Amino acid sequence: MYSFGTDEYITRVVNNYSRSLLAVAYAILKSTSDAQDAVQETFLRLVSKRPQFNDCNHEKAWLIRVTVNISRNMLKASSRKNLPLEDYMHTESRAEDDLLAVVLSLPEKYRTVIHLYYYEDYSIAQIASILNRPPATIGTWLSRARNMLRTMLKGE
Amino acid sequence: MDFRDRYKKQIDSLLFNEHFECQTAQMLMLHAGEMEEKTMTSSKRVKIIIAVAAVVLLLTTTAFALPALLSPGQVAQLAGEESIAQAFESEDAVIINQTIEDNGYSITLHGVASGSRLSKINDLDVKEDCSYIVLSVARLDGTPISIMDDTLLFSPLVKGFAPWRVNAWTLNCTQIGIVRNGVRYFLYEYSTLEMFAKHEVYIAAYDANMPFSRVYSYTEDGTIDYSGDYAGTRAMFTLPLDKAKADEQAVQKFMSQYE
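Residues numbered from 1 in each chain as written. Chains lettered and ligands numbered in written order. Predicted model: local features only at pLDDT ≥ 70, side-chain atom pairs only at ≥ 80, totals over all residues. Heavy atoms only, no water.

(A) Structural context of the overall build of chain B. Each helix and strand in chain B was counted, giving six helices and 10 strands. Put simply, chain B has 259 residues, and 46% of those count as buried. The long-range share in chain B, meaning contacts at least 24 apart out of those at least 6 apart in sequence, stands at 67%. For chain B, the accessible area works out to roughly 13,400 Å², and carbon and sulfur atoms hold 52% of it. (Helix = DSSP H or I, 4+ residues; strand = E, 2+ residues; numbered from the N terminus. Buried < 20%, exposed > 50% of the residue type's maximum accessible area, 1.4 Å probe, protein only. Contact = heavy atoms within 4.5 Å. Areas by Shrake-Rupley, 256 points an atom, 1.4 Å probe, with all protein chains shown as cover.)

(B) Seen up close, the overall build of chain A. Along its length, chain A carries eight helices and zero strands. In chain A, the succession of α and β elements from N to C terminus is α-α-α-α-α-α-α-α. Put simply, of all contacts in chain A between residues at least 6 apart along the chain, 68% involve residues at least 24 apart. Split by element, the accessible area of chain A, about 6,700 Å² in all, is 48% carbon and sulfur.

(C) Seen up close, the interface of chain A and chain B. Of the residues lining the interface, 50 residues belong to chain A; the matching set on chain B comes to 45 residues. Both faces considered, chain A and chain B share a buried interface measuring about 4,600 Å² in area, 62% of it formed by carbon and sulfur atoms. For the pair chain A and chain B, the number of links is two salt bridges. Across the pair D121(A) and R4(B) runs a salt bridge, and its minimum N-O distance is 2.5 Å. Applying the counting criterion to the chain A and chain B interface returns 11 residue pairs in polar contact (both at pLDDT 80 or more). If you list the elements that add at least two residues to the side of chain A that touches chain B, you get α1 (7-29), α2 (32-49), α3 (56-80), α5 (98-104), α6 (108-118) and α8 (135-154) of chain A. Broken down by element, the side of chain A that touches chain B gets its largest block of residues, 11 residues, from α1(A). Split by residue class, the side of chain A that touches chain B holds 26 nonpolar, 16 polar and eight charged. (Buried area = accessible area lost by both parts, 1.4 Å probe. Salt bridge = Lys/Arg side-chain N within 4 Å of Asp/Glu carboxyl O. Polar contact = N/O pair within 3.5 Å; in protein donor to acceptor, adjacent residues only side chain to side chain. Nonpolar A, V, L, I, M, F, W, Y, C, P; charged D, E, K, R; others polar.)

(D) The layout of surface pockets, seen in detail. Taken as a whole, the second largest pocket spans an internal volume of roughly 310 Å³. As for the second largest pocket, its lining consists of 17 residues, and the residues nearest its centre are N54(A), N167(B), A168(B), W169(B) and Y206(B). In terms of residue count, the dominant contributor to the lining of the second largest pocket is strand β4 (residues 152-158) of chain B (four residues). Considering only residue class, the lining of the second largest pocket consists of 11 nonpolar, six polar and no charged. (1 Å grid on protein atoms, 1.4 Å probe; cavity = no way out; pocket = protein on both sides within 12 Å on 5 of 7 lines; lining within 4 Å. Points joined across faces, edges and corners; volume = space filled by probe spheres on them.)

(E) Region of the structure containing the pairing of strand β6 (residues 183-191) of chain B. Residues and elements named next belong to chain B. The element β6 is extensively covered by neighbouring structure, given that nine of its nine residues are classed as buried. With eight bridges connecting them, strand β3 (residues 130-139) and β6 associate as antiparallel partners. Bridging across to β6, V137 finds its partner in R184. Of the pairings in the sheet, the one linking strand β5 (residues 174-180) to β6 comprises seven bridges and is antiparallel in character. Paired with Q175 across the two strands is Y188, which belongs to β6. As consecutive antiparallel partners, β5 and β6 are separated by two residues, and within that stretch N181 has a phi angle of approximately 55°, a positive value. (Pairing = 2+ DSSP bridges.)

(F) View of helix α6 (residues 248-256) of chain B. Residue and element names in this part refer to chain B. Listed as buried for α6 are V251, F254 and M255. Along α6, the residues classed as buried sweep out an arc of 90° about the axis, all on the same side. Exposed residues lying more than 90 degrees from the buried face of α6 are Q249, Q252 and K253. (Arc of directions from axis to C-beta.)

(G) Summary view of the side chain of K30(A). Residue and element names in this part refer to chain A. Positionally, K30 belongs in the loop between α1 and α2. A residue is classified by how much of its surface remains accessible, and K30, at 5% relative accessible area, is buried. Among the polar contacts listed, one links the side chain of K30 to the backbone oxygen of L104, at a separation of 2.7 Å.

(H) The arrangement of the packing of α6(A) against helix α7 (residues 124-131) of chain A in detail. Residues and elements named next belong to chain A. Contact pair α6 / α7: the axes reach a minimum separation of 10 Å and the direction vectors enclose 130°. Judged by the inter-axis angle, α6 sits oblique to α7. In terms of crossing hand, the pair formed by α6 and α7 is right-handed. Here T112, V113, L116 and Y117 of α6 come into contact with α7, specifically with I124, I127 and L131. Each residue belonging to the contact of α6 with α7 can be placed in one class, and the counts come to six nonpolar, one polar and no charged. (Axes fitted to C-alpha atoms, helices over the stretch in contact; angles between N-to-C directions. Parallel < 35°, antiparallel > 145°, perpendicular 65-115°, else oblique. Left-handed = near helix turned anticlockwise from the far one by under 90°.)

(I) Main features of the sheet that holds strand β10 (residues 234-238) of chain B. All names here are of chain B. Taken together, the three strands give an open sheet; going across it, the order is β4-β7-β10, and neighbouring strands pair in antiparallel fashion. Sheet topology places β4 and β10 at the edges, where each strand pairs with a single neighbour. Each strand axis lies, on average, 20° off the axis of its neighbour in the sheet, ignoring direction. Strand direction decides the pairing type here: strand β7 (residues 201-207) and β10, joined by five bridges, are antiparallel.

(J) Representation of unusual backbone geometry in the model. In the Ramachandran plot, D121(A) falls in the positive-phi region, its phi being about 60° despite a non-glycine side chain. Relative to the assigned elements, D121(A) resides in the loop between α6 and α7. Positioned with a positive phi, N103(B) is a non-glycine residue whose angle comes to about 55°. Structurally, the position occupied by N103(B) is in the loop between β1 (93-102) and β2 (105-114). Classification of N103(B) by relative accessible area gives partly exposed; the value is 47%.

Here's what the structure looks like:
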């Protein structure tokens, strides 16, 4: 067990998980600055809510789930306000790299699954648990996302 | 280089604010400090009330008494969850206040609020498909528990369902902990437990440092009970859920993820 709220605890979680959380938030939001906001909000919830974890894997999965939810809410909020967040960031990422730009052009649920599968190396069952969806749904999304990527990358 | 490696390389090459980790840690430390200060201020207020109550008690009895426990609504309110506090005032809330004493601890199940009526509370923080449960842990000798102390974990268990399939983790548990007057309170949010109402639903407390299977046993006929050879702290409460709200279809859907 660890002591919530201590400097050591905060330093450990921020150092251990920032990069992973920024990456998943970026995969959803397509913006480094928005990803940073989402991850800071995630850590704030961790310190405020003080959830208990069975182990580090459980802790990381909880943080990823909260980051995904916060990022999705930010996307929804930006679309409600008619802010073209995705389109704006799409140009930013395309300039950086074509493969990443292709992944980022997928619908949100597909790119989230692709990210968790290929970047975090989670299994379908683990992704299902994190995203609170049946494994069969995740399998379908992953398969469709791969097909879309295959088609898009062939056209490069 | 395959897709996985290329994708990882490109994600890893993204440039974020180079001071992000340092700034975030500083912001969190400040926030944690403010929270602690708030806790201590409220604690002082409660201590004064308890002190007055203690004087009244001393006039009538010399027996040692545990601090007066907060209500589930008060716990949610002190945890900053106003809408959940309202939920505990609603018709759907069941106030239980059952205490089990074990291994020097007094473990109390205060109450549960769950169900579709919660959606009347117009707040995103209260989900109609979730159950909210308040529990507390106090030491029987009166030694205060601090927020830093190791403590117990709580998990729902359902008779007839393997604990490794239906538990806090698979039911998307979120927990907020607060300490008031040496008593540690927990506000838990789980995916709705009402769907299991046709079965016996328990809330099981166990030591976080022990493997769950050492503390509780699960037999082939679906019975969940205390494991015989465990000497640590534990407690198992039965939740009084309304059987009319059982949803076997939802249970089947939930369990289908393991097929």
